[in-house]
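# Examining the three-dimensional arrangement
As a plain string of letters, each chain reads:
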Amino acid sequence: MKPLRIALTKGRLEKDTVGVLEKIGLDCTQVREKGRRLILPVGNGEIEVVLAKAADVITYVENGVCDLGVVGKDTIMENGSHFFEILDLGFGRCRFALACRKGTDFFGGYKAKTVASKYPNVARQFFESRAMDVRIIKIEGSVELAPLLGLADGIVDIVETGTTLKENGLEVVETIAQISARLIANTASLKMRKREIEALAEKLENCIAKERENA
């Protein structure tokens with residue numbers, strides 16, 4: 001049988017996932033010594049890891065070229081989900097938040113607001129849930145610049161410690177959603193390879209539960 005193929009988000013989520021896979025007894029030497037390779041065997045070859053950018057992880061899983069994926073909830077919220085989200089892996093924790101210049105009242109006044117974000121869909125859904133008509137501007141780089149330059153009244157962005165916001169004179173107005181890494185599965189794969197996927201998910205879940213108990 002062909003290996004179970006898992007797309008991992010490059011970077012920190014990749015490293016954290018490899019750490020958990022090793023804790024459940026899978027040899028990840030090839031991934032740790034990957035060089036420039038993007039497709040690598042794990043364990044005894046029963047699993048194959050594909051390294052990709054976050055949004056591409058979703059694309060590969062949705063289109064069935066990867067059975068599973070590890071991606072942040074932020075990417076899922078922004079890009080939609082034509083797949084199954086089967087497990088909260090517990091790492092990569094941060095939050096989506098609305099922030100504005102310190103001392104300003106974002107929700108005050110009658111003037112229509114403008115918000116900058118790398119995540120326009122998340123921002124739009126948040127304000128629609130508040131029945132607020134807000135202009136959304138997509139920013140690719142340092143979104144903190146938008147309020148400082150007068151381009152936007154506020155920003156919707158990922159916040160970990162809040163240090164970057166504070167250093168740029170911004171503050172969190174409201175938390176929109178908590179974020180962490182999720183294990184996702186292709187719809188067809190979950191039917192065709194149900195036993196393998198459920199066995200792996202159970203091992204990961206038990207490992208994560210033990211870590212929480214020992215924390």
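Located above this text is the structure these notes cover.
My aim in this report is to walk through the structure given alongside it, one point at a time. (Residues numbered from 1 in each chain as written. Predicted model: local features only at pLDDT ≥ 70, side-chain atom pairs only at ≥ 80, totals over all residues. Heavy atoms only, no water.)

When helices and strands are counted, the protein chain shows 9 helices and 11 strands. Its C-alpha atoms give the protein chain principal-axis dimensions of about 60 × 35 × 35 Å. Taking all 215 residues of the protein chain together, 45% fall into the buried category. Taking the contacts inside the protein chain whose residues are at least 6 apart along the sequence as the reference set, 67% of them involve residues at least 24 apart. Taking the average place of the 32 positive charges on the side chains of the protein chain and the average place of its 31 negative ones, the gap between the two points comes to 2 Å. (Helix = DSSP H or I, 4+ residues; strand = E, 2+ residues; numbered from the N terminus. Buried < 20%, exposed > 50% of the residue type's maximum accessible area, 1.4 Å probe, protein only. Contact = heavy atoms within 4.5 Å. Lys, Arg positive; Asp, Glu negative; His and termini not counted. Charge placed at Lys NZ, Arg CZ, Asp CG, Glu CD.)

One pass over the structure, following the stated rule, counts 15 salt bridges. Between Arg182 and Glu85 there is a salt bridge, with the nearest N and O atoms lying 2.7 Å from each other. With Arg182 in strand E11 (residues 181-185) and Glu85 in strand E5 (residues 84-88), the pair connects residues that are 97 residues apart, well separated along the chain. Among the salt bridges present, the one from Glu196 reaches Arg193, with a minimum N-O distance of 2.8 Å. For Glu196, a relative accessible area of 29% corresponds to the partly exposed category. (Salt bridge = Lys/Arg side-chain N within 4 Å of Asp/Glu carboxyl O.)

Let us look at the side chain of Glu14. Tracing the chain through its elements places Glu14 in helix H1 (residues 12-23). Assessed through its relative accessible area of 7%, Glu14 is described here as buried. At 2.9 Å, the side chain of Glu14 and the side chain of Lys34 are in polar contact. Beyond its immediate stretch of four places on either side in the chain, Glu14 contacts Leu8, Thr9, Val31, Lys34 and Leu51. (Polar contact = N/O pair within 3.5 Å; in protein donor to acceptor, adjacent residues only side chain to side chain.)

Moving on to the state of the cysteines. Taken as a whole, this structure holds 0 disulfides when the rule is applied. Here Cys66 stays unpaired: no disulfide links it, and the sulfur of Cys28, its closest cysteine neighbor, is 16 Å away. Here Cys66 falls in the buried class, since its relative accessible area comes to 2%. Cys207 carries a free sulfur, and the closest cysteine sulfur to it, the one in Cys28, is 12 Å from it. (Disulfide = S-S within 2.5 Å.)

With that settled, consider the nonpolar core. In this structure, Leu68, Leu89, Leu183, Leu200 and Leu204 are the most contacted members of the largest nonpolar core, which totals 31 residues. Elements with a contribution of two residues or more to this core: strand E1 (4-9), H1, strand E2 (39-42), strand E3 (47-52), strand E4 (68-72), E11 and helix H9 (194-214). In terms of residue count, H9 provides more of this core than any other element does, 6 residues in total. In this view, Leu68 contacts Leu4, Arg5, Ile6, Ala7, Val61, Ile86, Leu183, Ile184, Ala185, Ile197 and Leu200; residues no more than four positions away in its chain are not counted. Of all hydrophobic cores here, the second largest spans 15 residues; its members include Leu98, Phe106, Val115 and Val134. (Core = buried A, V, L, I, M, F, W, Y, C linked by side-chain atoms within 4.5 Å.)

Turning to H9, a few remarks are in order. The end-to-end C-alpha distance of H9, which contains 21 residues, comes to 30 Å, matching closely the 30 Å that a straight helix rising 1.5 Å per residue would cover. Inspection of H9 places Ile197, Leu200, Ala201, Leu204, Cys207 and Ile208 among the buried residues, and these make up the whole buried set. Viewed end-on, H9 has its buried residues packed into an arc of 125 degrees, placing them on one side of the element. Those residues of H9 that are exposed and angled more than 90 degrees off the buried face are Arg195, Lys210, Glu213 and Asn214. (Expected span 1.5 Å × (residues − 1). Arc of directions from axis to C-beta.)

Another point: the pairing of strand E7 (residues 114-117). Residue alternation in E7 divides its side chains into two sets, Thr114 and Ala116 and Val115 and Ser117, and both sets are buried. Across 4 bridges, E7 lies against strand E8 (residues 135-138) in parallel orientation. Along E8, the bridge assignment pairs Ser117 with Lys138. Each parallel crossover has a hand, and for E7 linked through helix H5 (residues 120-129) to E8 it is right-handed. (Pairing = 2+ DSSP bridges. Right-handed = clockwise from strand over helix to strand, strands pointing away.)

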